[in-house]
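Spelled out, the chains give:
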Amino acid sequence: MNIGFDNKVVIVTGAAHGFGRAIAQNFADRGAVVHACDINADGLEETVALCGPRAKSHILDVGQRAQVQAAVAQIGDVDILVNNAGGVRGQVGRPIEEISESDWQGIFDVNLSGAFFMSQAVAPAMKRKQAGRIVNISSGAGLGISLTGIQAYASAKAGQIGLTRQLAHELGPWNITVNNVAPGFVRSNPSTEKQWDAMGEEGQARLLQNIALKRLGTADDIAAMVMFFASDQANWITGQVISVDGGK
Ligand SMILES: NC(=O)c1ccc[n+]([C@@H]2O[C@H](COP(=O)([O-])OP(=O)(O)OC[C@H]3O[C@@H](n4cnc5c(N)ncnc54)[C@H](O)[C@@H]3O)[C@@H](O)[C@H]2O)c1
């Protein structure tokens, strides 16, 4: 199956690193004009260099609605939005009594509110064009429980899956699809590296044993599913969540 995105305008959030960078590169390799958004300016520059001369970077906190509105106004009409920015913001699992309001809220801001604000900003132009694709990156944590033990992360990702289903119905009449990729554990960022180390040899072997395909995933494994949801091949698919986790 050849998937192409010639001259499609694509926003990828959280594009400075990890999955977001791989998703941005996969779109750029297929002809898209990529707008890479993140709070990490140095990482963004590296991503844009990898994506080629047509790619642009935008320093943007997706949890800040005014920043999101301003960036999308500058970008103009968008064909494809990938809400990938997220993660645990350096937090680790702790007992419920120890979680502050800002710990809880910070994780919701990026993983859930960010996806809402970004979708809200691109929807009017997609409606006008009667076409659009929104792909949200959740997590196995949003479908089951989180390996991190972080309550807000599991809750925000579950909420983002709910948002996916709701927006699929709201935006479907305008031929806008909204789908969700739920990745399994991938060693793609400092938090998952720490988790991997903390598992020790036995824990690592157990994790691999519980994966049907007996290997960890890569950022390109996640990007491949995003390419499919964003493509014309997925014209009649919306409101869906696909686990990309090697099989449970
Ligand atoms: N790696 C995994 O095992 C795994 C598993 C399931 C889901 N996920 C999800 O996949 C996505 C990407 O994860 P990753 O492993 O590539 O992590 P990563 O840390 O490498 O990338 C996340 C990017 O998001 C950016 N970001 C954070 N807060 C932001 C904000 N407020 N506004 C804009 N950008 C912001 C970070 O700067 C970073 O570049 C996240 O949503 C994460 O929750 C990851």
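Here is what the cut-offs are and how they apply
- Residues numbered from 1 in each chain as written.
- Predicted model: local features only at pLDDT ≥ 70, side-chain atom pairs only at ≥ 80, totals over all residues.
- Heavy atoms only, no water.
- Salt bridge = Lys/Arg side-chain N within 4 Å of Asp/Glu carboxyl O.
- Buried < 20%, exposed > 50% of the residue type's maximum accessible area, 1.4 Å probe, protein only.
- Phe/Tyr/Trp six-rings, centres within 6.5 Å; stacked < 30°, edge-to-face > 60°.
- Helix = DSSP H or I, 4+ residues; strand = E, 2+ residues; numbered from the N terminus.
- Lys NZ or Arg CZ within 6 Å of the ring centre and 35° of its normal.
- Core = buried A, V, L, I, M, F, W, Y, C linked by side-chain atoms within 4.5 Å.
- Contact = heavy atoms within 4.5 Å.
- Near = heavy atom within 4 Å.
- Polar contact = N/O pair within 3.5 Å; in protein donor to acceptor, adjacent residues only side chain to side chain.
- Areas by Shrake-Rupley, 256 points an atom, 1.4 Å probe, with all protein chains shown as cover.
- Nonpolar A, V, L, I, M, F, W, Y, C, P; charged D, E, K, R; others polar.
- Pairing = 2+ DSSP bridges.
- Axes fitted to C-alpha atoms, helices over the stretch in contact; angles between N-to-C directions.
- Arc of directions from axis to C-beta.

**Q** How should I be thinking about the pattern of salt bridges in this particular structure?
**A** Between side chains of opposite charge, a pair can form as their charged atoms come close. If you walk through the whole model with that rule in mind, you get seven salt bridges. In this structure, the salt-bridge partner of Arg94 is Asp103, at a minimum N-O distance of 2.9 Å. Note on Arg94: relative accessible area 25%, which makes it partly exposed. Put simply, Lys248 and Asp245 hold a salt bridge, and the shortest N to O gap is 3.7 Å. Classification of Lys248 by relative accessible area gives exposed; the value is 79%. Under the relative-accessibility criterion, Asp245 is labelled buried at 19%.

**Q** I keep staring at the packing of aromatic side chains and nothing clicks. Help me out?
**A** We describe a pair of aromatic rings using the distance from one ring centre to the other and the angle between the two ring planes. Using the criterion set out here, one finds five aromatic pairs in the structure. When the ring of Phe185 is compared with that of Trp196, the centres are 6.2 Å apart and the planes differ by 25°; the resulting orientation is stacked. One end of the pair, Phe185, is in the loop between strand 6 (176-183) and helix 6 (190-209); the other, Trp196, is in helix 6, and 11 residues separate them in sequence. An identical accessibility class is assigned to Phe185 and Trp196; each is buried. Note that Lys127 overlies the ring of Trp174, its terminal NZ or CZ placed 4.2 Å from the centroid.

**Q** I keep staring at the nonpolar core and nothing clicks. Help me out?
**A** Core analysis: the biggest nonpolar cluster contains 36 residues, and Ile11, Met118, Val122 and Ile134 have the highest contact counts within it. Of all the secondary structure elements, the ones that give two or more residues to this core are strand 1 (9-13), helix 3 (65-75), helix 4 (101-129), helix 5 (151-171) and strand 6. The leading source of residues in this core is helix 4, at 11 residues. Leaving out residues up to four positions away in the same chain, Ile11 has contacts with His35, Cys37, Val72, Ile75, Val78, Ile80, Leu81, Val82, Met118 and Val122. By size, the runner-up hydrophobic cluster in this structure holds 34 residues, among which are Leu44, Val135, Val181 and Ile222.

**Q** Explanation requested: the site of the ligand in the structure shown.
**A** Neighbouring the ligand are 29 residues, the closest being His17, Asp38, Tyr153, Ser188 and Asn189. Within the side chain of Ser188, one N or O atom sits 2.5 Å away from an oxygen atom of the ligand. Taking 830 Å² as the accessible area of the ligand by itself, protein coverage stands at 90%. Of all the elements in the fold, those that place two or more residues in the shell around the ligand are helix 1 (18-29), helix 4 and helix 5. A breakdown of the residues in the shell around the ligand according to their chemical character gives 12 nonpolar, 14 polar and three charged.

**Q** For this particular structure, what's the right way to read the sheet that holds strand 4 (residues 80-83)?
**A** Hydrogen bonds between backbone groups are what pair the strands of a sheet, and the pairing can be parallel or antiparallel. Spatially, the seven strands line up as an open sheet ordered 3-2-1-4-5-6-7, and their pairing is parallel. Of all the strands in the sheet, the pair left with one neighbour each is strand 3 (56-59) and strand 7 (241-244). For this sheet the average axis-to-axis angle between neighbouring strands, irrespective of direction, equals 20°. Relative to strand 4, strand 1 is paired through three bridges, and the arrangement is parallel. Paired with Val12 across the two strands is Val82, which belongs to strand 4. Taken strand by strand, helix 1 contacts strand 1, strand 2 (33-38), strand 4, strand 5 (132-137) and strand 6, and its axis lies near 170° from that of strand 1. Its contacts with the sheet place helix 2 (residues 41-51) against strand 2 and strand 3, and it is angled at close to 165° to strand 3.

**Q** Sorry, what's going on with helix 3 here?
**A** Side chains of residues three or four places apart in an α-helix project in the same direction, reflecting 3.6 residues per turn. Buried within helix 3 we find Val68, Ala71, Val72 and Ile75. Projected onto a plane normal to the axis of helix 3, the buried residues spread over an arc of 95° and lie on a single side. Seen from the open side of helix 3, the exposed residues pointing more than 90 degrees away from its buried face are Ala66, Ala73 and Gln74. Turning to helix 3, the residues buried within the fold contact strand 1, strand 2, strand 3 and helix 4. Downstream of helix 3 by one or two residues, Gly76 has phi in the positive range, about 95°.

Any functional reading would require information beyond the geometric quantities listed.
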